[in-house]
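As a plain string of letters, each chain reads:
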Amino acid sequence: MKLISTLSVAAVILLLVSLAPALRSAQDTPNHATVTNPVKPTADSQARAKQIYGIDCAMCHGSDGKGKTDLANEMQLQLKDWTDPATLKDKTDGQLFDFIRNGTGEGKMPPETAGRAPDDVVWNLVIYIRSFANHP
Ligand code: HEC
């Protein structure tokens, strides 16, 4: 009996160890395209999003969301104008979430990692960047 339970514990550990890389990479490339934004924005959560945006995003996208910044110019980035309601209209919140979380890969836009912003902050960032279209 004892041997069997020791063996099954060992088997479970082995299984978890072998699955870990797969689980991790599934986490790295999540797909939220059809996920509804779970966040109900509050004044506080949007203030936090604005603060993070100022630190991690504004240098490229601009504090006004127009994407006309010195850095974008120097890096020759083609950034869209988020004050135009047409710009993000066809993207779901989940697509924007994934874009922010993953970045572009080619070193143009860095990923906003979980260490910098937990999921709820990224969902709030999505709401925040959409709000540029409300007051161009
Ligand atoms: C170093 C410059 C840089 C920073 C910093 C940056 N971005 Fe971007 N971002 C880009 C570029 C370049 C694109 C366009 C990429 C493409 O079209 O392939 C982009 C595109 C996007 C898009 C896709 C929609 C669109 O307008 O094309 C979203 C959403 C976005 N950024 C959000 C953010 C948020 C939120 C932050 C901060 C957490 C951020 N970005 C920080 C450079 C940046």
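Refer to the structure above for everything that follows.
Bear in mind that the values here come from a model prediction, so they are computed numbers and not experimental data.

Q: Can you tell me about the coordination of the iron atom of the ligand, naming the residues and giving the values?
A: Around the iron atom of the ligand, the protein contributes the donor atoms His61 (NE2) and Met109 (SD), at 2.0 to 2.1 Å from the metal centre. Taken together, the six donor atoms coordinating the iron atom of the ligand and their angles of 87 to 179° define a geometry best described as octahedral. In this pair, His61 sits in helix H3 (residues 58–61) while Met109 sits in the loop between helix H5 (93–102) and helix H6 (119–130), placing the two residues 48 residues apart along the sequence.

Q: Outline the packing of helix H2 (residues 43–56) against H6, supporting the account with residue identities and numerical values.
A: The angle between the axes and the distance between the axes are what describe a pair of packed helices. It is at 9 Å that the axes of H2 and H6 come closest, and there the two elements cross at 85°. With respect to H6, the element H2 is oriented roughly perpendicular. Contacts from Ser45, Gln46, Ala49, Lys50, Ile52 and Tyr53 in H2 reach Val121, Asn124, Leu125, Ile127, Tyr128 and Ile129 in H6. Classifying every residue of the contact of H2 with H6 by side-chain character gives eight nonpolar, three polar and one charged.

Q: Any details on the site of the ligand? Residues and values, ideally.
A: Every one of the 19 residues lining the ligand counts as a neighbour, but Cys57, Cys60, His61, Trp82 and Met109 are closest to it. In this structure, Trp82 approaches the ligand through a side-chain N or O atom, which is 2.8 Å from an oxygen atom. Contributions of two or more residues to the shell around the ligand are made by H3 and H5. For the shell around the ligand, the residue count by class is 13 nonpolar, two polar and four charged.

Procedures and definitions
- Residues numbered from 1 in each chain as written.
- Predicted model: local features only at pLDDT ≥ 70, side-chain atom pairs only at ≥ 80, totals over all residues.
- Heavy atoms only, no water.
- Donors = N, O, S within 2.8 Å, 3.2 Å for Na, K, Ca; no water.
- Tetrahedral: all angles 85-135°; square planar, octahedral: opposite > 155°, others 65-115°.
- Helix = DSSP H or I, 4+ residues; strand = E, 2+ residues; numbered from the N terminus.
- Axes fitted to C-alpha atoms, helices over the stretch in contact; angles between N-to-C directions.
- Parallel < 35°, antiparallel > 145°, perpendicular 65-115°, else oblique.
- Contact = heavy atoms within 4.5 Å.
- Nonpolar A, V, L, I, M, F, W, Y, C, P; charged D, E, K, R; others polar.
- Near = heavy atom within 4 Å.
- Polar contact = N/O pair within 3.5 Å; in protein donor to acceptor, adjacent residues only side chain to side chain.

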